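Reading the structure
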Amino acid sequence: MHVTMAGSRRGPALLLLAAVPPMLEMGALLGLGFFAAQPLAPQATAVWPYDSYHDLRWLLVYHNSWAMFLLGLVVAVAVRGVLSAGLTALAWPAELDRPSWRWLVLRNLEVAAIAILIISPWAAISVAFSAVALSWYLFASVVPMLVIAPFLQRAGVVQHWWRGLPSARLLGWSLLNFLVLTLASAVIVSVPGWSRILVAGLAGVVNGLLWRRTVRAAVQHEPAHWARVPVAPIAIVLTMVAAVGVPPLVGLAAGTRGAWTPPLVRYPLPDRVPYAVIVLAGFESSWDGQPPVDPRVERFSYAGIDGSGRPLPYRPEATHRSLDSSAALLAQQVEALHQRTGRPIALAGESEGALVIRTYLDKLAPGPVAAVMLYSPLIWPGRAYYPPPWHEGWGVVAGWELRGIAAVTNLVSEIDTGPDEPFIRSVIAEAPFYRNRILCPVPGVRIIAFLPLVGAAEAPPGEYTDVPVVEVPALHGGLLNRDDVYEQSIHFLAGEPVDQPLGGYEVVQRFSAAWQAPPLILDVNLIWAAGREGDPAMTGRICEAR
């Protein structure tokens, strides 16, 4: 059966239906004081698959049992299917016959279920990003949305949506929706209080206009290229399989695998530097025991020190140890180097090495450490939780999904990794501290942080530092290898002024906020609730006690 409806009646109804859910979500988040999740609200009525990506990220973070997840999944599919059917019906071109309401509901329920299945690995990777705050995971989880969007936007509208390539118009409208959602999130965190509801509503109106355009582009699709080829299933399968390749690629891009000889290790320290320096490499780094050029400089060893107090060579697997155990090893090495040189100690750590330093300063007395340089430190890590294997708790399904991805990845990886290795579990267990205190002052210790500009995507909107920072136009990792950063580091070690040009860190923060998973509120998780730390996810402020 086909029905028709006057376009003049459909237009206002479409825009109203698209605007109300984002406004309601924003109102609820404002009422809860949940600052960090507010940029997600405009996605409540986005076109496929951004709407389902919104739903699944919420669900993977906010469930504490399998039963709760399955119930939430059924509700999410049902609500999304009916809402999308309504938006599709109202967006249907007035001059064309529209399928029956029953057909649209059934088809959009099917698409909602398919979208959840396709997106699930990438939403789980987004949760992994929230746990370790590594911008590479964020980029890896968002790019597939852009790839599959034009295919899924046809799925709720036409019969044989899986055949042929989507039109250029459909691709253009889906990219525009991504840009609109990105811009809306930036505006939301830039305007005060309750005016964010208005911004969410306006974003919803734009969503409605884009629903009209995408539906029209789908139903008036000109003859497709490769019309007999099942392009959509091929693209979807390749997209899902690609999730397996993300963890090793992220490790390769963000870590310091292979020979790592930054300038602090290659060059002798100038005489004006009063410190002995310990340099800490990042995740899955290794060291063959070759000492630095200057005897006042040492490589930190994740394997500890020998009987004479010298650092031992180590393999990449050694970096998987917990942060507490690495901090204990650092304390031993600090004391040994101090006794040998008689100098105050400066620490220079990149990525995981920066976390080891910050753990050491919190858990152990700084002792002879007087200066700290943090390179590519993880900003606001510990925003998600999943329990250890065979335990119930918040994010239990996300944890098992990440274990499944890791198990397949490890079949072809030289070094086994997984979401339960001690390093990651220590970040999750101590999330209140790492979320709140990474870039906070420590009495008696000079601290400076070198932040990669692109790494700002890993930081939710709000405060991110209370110590001096140098913004570097770079990706996460590798800052210690740059000569310009080395020169700035020497200035800092010598007590000289360090150039701190204002950059675009906060701008990148705001424009990436839409694509982060919502943080798990500290008070919700009993494992975290007894801590003394404030929650930046609620206040947008760091370095505060509860």
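Our subject in this report is the structure included herewith.

Cut-offs and rules
Residues numbered from 1 in each chain as written. Predicted model: local features only at pLDDT ≥ 70, side-chain atom pairs only at ≥ 80, totals over all residues. Heavy atoms only, no water. Helix = DSSP H or I, 4+ residues; strand = E, 2+ residues; numbered from the N terminus. Rg over C-alpha atoms; globule rule 2.2 N^0.38 Å. Buried < 20%, exposed > 50% of the residue type's maximum accessible area, 1.4 Å probe, protein only. Contact = heavy atoms within 4.5 Å. Areas by Shrake-Rupley, 256 points an atom, 1.4 Å probe, with all protein chains shown as cover. Lys, Arg positive; Asp, Glu negative; His and termini not counted. Charge placed at Lys NZ, Arg CZ, Asp CG, Glu CD. Expected span 1.5 Å × (residues − 1). Salt bridge = Lys/Arg side-chain N within 4 Å of Asp/Glu carboxyl O. Pairing = 2+ DSSP bridges. Axes fitted to C-alpha atoms, helices over the stretch in contact; angles between N-to-C directions. Patch = residues over 30% accessible without salt bridge, like charges linked within 9 Å, V, L, I, M, F, W, Y side chains within 5 Å. Parallel < 35°, antiparallel > 145°, perpendicular 65-115°, else oblique. Nonpolar A, V, L, I, M, F, W, Y, C, P; charged D, E, K, R; others polar. Core = buried A, V, L, I, M, F, W, Y, C linked by side-chain atoms within 4.5 Å. Left-handed = near helix turned anticlockwise from the far one by under 90°.

1. A look at the overall build of the protein
When helices and strands are tallied, the protein shows 18 helices and eight strands. In summary, the protein has a C-alpha radius of gyration of 25 Å against a globular reference of 24 Å for 546 residues, a match within 12%. Structurally, the protein occupies a C-alpha span of about 85 × 50 × 45 Å along its principal axes. Classification of the 546 residues of the protein by burial places 59% in the buried group. If you take every contact in the protein between residues at least 6 apart in sequence, the share linking residues at least 24 apart comes to 77%. Approximately 20700 Å² of the protein is accessible, and the part contributed by carbon and sulfur atoms is 66%. In the protein, the 38 positive side-chain charges and the 40 negative ones have mean positions that sit 9 Å from each other.

2. Some thoughts on helix α4 (residues 101-132)
It helps to recall that an α-helix has 3.6 residues per turn; residues three or four apart then point in one direction. In this model α4 runs 44 Å from its N-terminal to its C-terminal C-alpha over 32 residues, within 8% of the 46 Å that 1.5 Å per residue would give. Most of α4 sits inside the fold, with 23 of its 32 residues counted as buried.

3. Some points on helix α11 (residues 352-363)
Here α11 contains twelve residues, and its C-alpha end-to-end distance of 16 Å stays within 8% of the 16 Å for a straight helix at 1.5 Å per residue. With ten of twelve residues buried, α11 is to be regarded as a mostly interior element. Looking at α11, one finds that the buried residues are Glu352, Gly353, Ala354, Leu355, Val356, Ile357, Arg358, Thr359, Tyr360 and Leu361.

4. Section: the environment of alanine 370
The topology assignment puts alanine 370 in strand β6 (residues 369-375). With a relative accessible area of 21%, alanine 370 lands in the partly exposed category. Along the chain, alanine 370 and valine 508 lie 138 residues apart, while their C-alpha atoms are 32 Å from each other. Those residues within four positions of alanine 370 in sequence are excluded, and the remaining contacts are Tyr275, Pro344, Ile345, Gly444, Val445 and Arg446.

5. Remarks on the pattern of salt bridges
One pass over the full model with this rule turns up 18 salt bridges. Close ionic contact of arginine 340 with glutamate 298 constitutes a salt bridge, the shortest N to O distance being 2.0 Å. With a gap of 42 residues between them, arginine 340 in helix α10 (residues 323-341) and glutamate 298 in strand β4 (residues 297-299) connect regions that are remote in the sequence. By relative accessible area, which is 5% here, glutamate 298 ends up buried. Through salt bridges with shared partners, a single network forms among Asp362, Arg437, Arg532 and Glu533.

6. Overview of the sheet that holds strand β3 (residues 276-280)
Taken together, six strands build an open sheet; the order of strands is β4-β3-β5-β6-β7-β8 and the sheet is parallel. Each edge of the open sheet carries a strand with a single partner, namely β4 and β8 (469-472). Within this sheet the neighbouring strands show an average axis-to-axis angle of 15°, counted without direction. Pairing of strand β7 (residues 446-452) with β8 involves four bridges; the strand directions are parallel. Within β8, the residue paired with phenylalanine 450 across the bridge is valine 470. Strands in contact with α10 are β3, β4, β5 (345-350) and β6; relative to β3, the strand with the most contacts, it is inclined by about 155°.

7. A closer look at unusual backbone geometry
For the peptide bond that leads from tryptophan 48 to proline 49, omega is -5°, which places it in the cis range. With respect to the element layout, proline 49 can be found in the loop between α1 (7-32) and α2 (50-61). Of note, the phi angle at glutamate 284 is positive, near 60°, even though the residue is not glycine. The residue glutamate 284 is located in the loop between β3 and β4 in this model. Glutamate 284 gets classed as buried once you look at its relative accessible area, which sits at 1%. Its identity is not glycine, yet serine 376 carries a phi of approximately 50°, on the positive side. For serine 376, a relative accessible area of 0% gives the class buried.

8. Remarks on a nonpolar patch on the surface
A cluster of nonpolar side chains, contributed by Leu183, Val187, Val507 and Phe511, occupies part of the molecular surface with about 320 Å² of accessible area. Residue assignment for the nonpolar patch shows that the elements contributing at least two residues are α6 (168-188) and α16 (505-512). Inspection of the secondary structure puts leucine 183 in helix α6. Assessed through its relative accessible area of 47%, leucine 183 is described here as partly exposed.

9. Some thoughts on the packing of α4 against helix α12 (residues 396-410)
Running from amino to carboxyl end, α4 crosses α12 at an angle of 105°, the nearest separation of the two axes being 9 Å. Relative to α12, the element α4 is oriented roughly perpendicular. Taken together, the residues of α12 that come into contact with α4 (itself represented by Ser120, Pro121, Ala124, Ile125, Val127 and Ala128) are Ala398, Glu401, Leu402 and Ile405. Of the residues assigned to the contact of α4 with α12, the class counts are eight nonpolar, one polar and one charged.

10. A closer look at the nonpolar core
If you look at the biggest cluster of nonpolar residues, it comprises 159 residues, and the most contacted ones within it are Leu264, Leu330, Leu347 and Leu493. Top contributing element to this core by residue count: α4, with 17 residues. Setting aside anything within four residues of it in sequence, one finds leucine 330 in contact with Ile278, Leu280, Phe300, Leu347, Val356, Ile357 and Tyr360. Core analysis: the second largest hydrophobic core is formed by eight residues, Leu30, Ala41, Val189 and Ala200 among them.

11. Let's talk about the packing of α2 against helix α3 (residues 66-91)
Axis separation between α2 and α3 bottoms out at 10 Å; the angle between their running directions is 160°. In terms of orientation, α2 and α3 fall into the roughly antiparallel class. Between α2 and α3 lies a crossing whose hand is right-handed. Note on element contacts: α3 touches α2 through Phe69, Gly72, Leu73, Ala76, Arg80 and Ser84, opposite Asp51, Ser52, His54, Asp55, Leu59 and Leu60. Counted by class, the contact of α2 with α3 contains five nonpolar, four polar and three charged residues.

12. Quick word on the pairing of β7
For β7, a buried count of six out of seven residues is recorded, marking the element as mostly surrounded by other parts of the structure. One ladder, built from five bridges, connects β6 with β7; its direction is parallel. Opposite methionine 373, over in β7, you have isoleucine 448 as the bridge partner.

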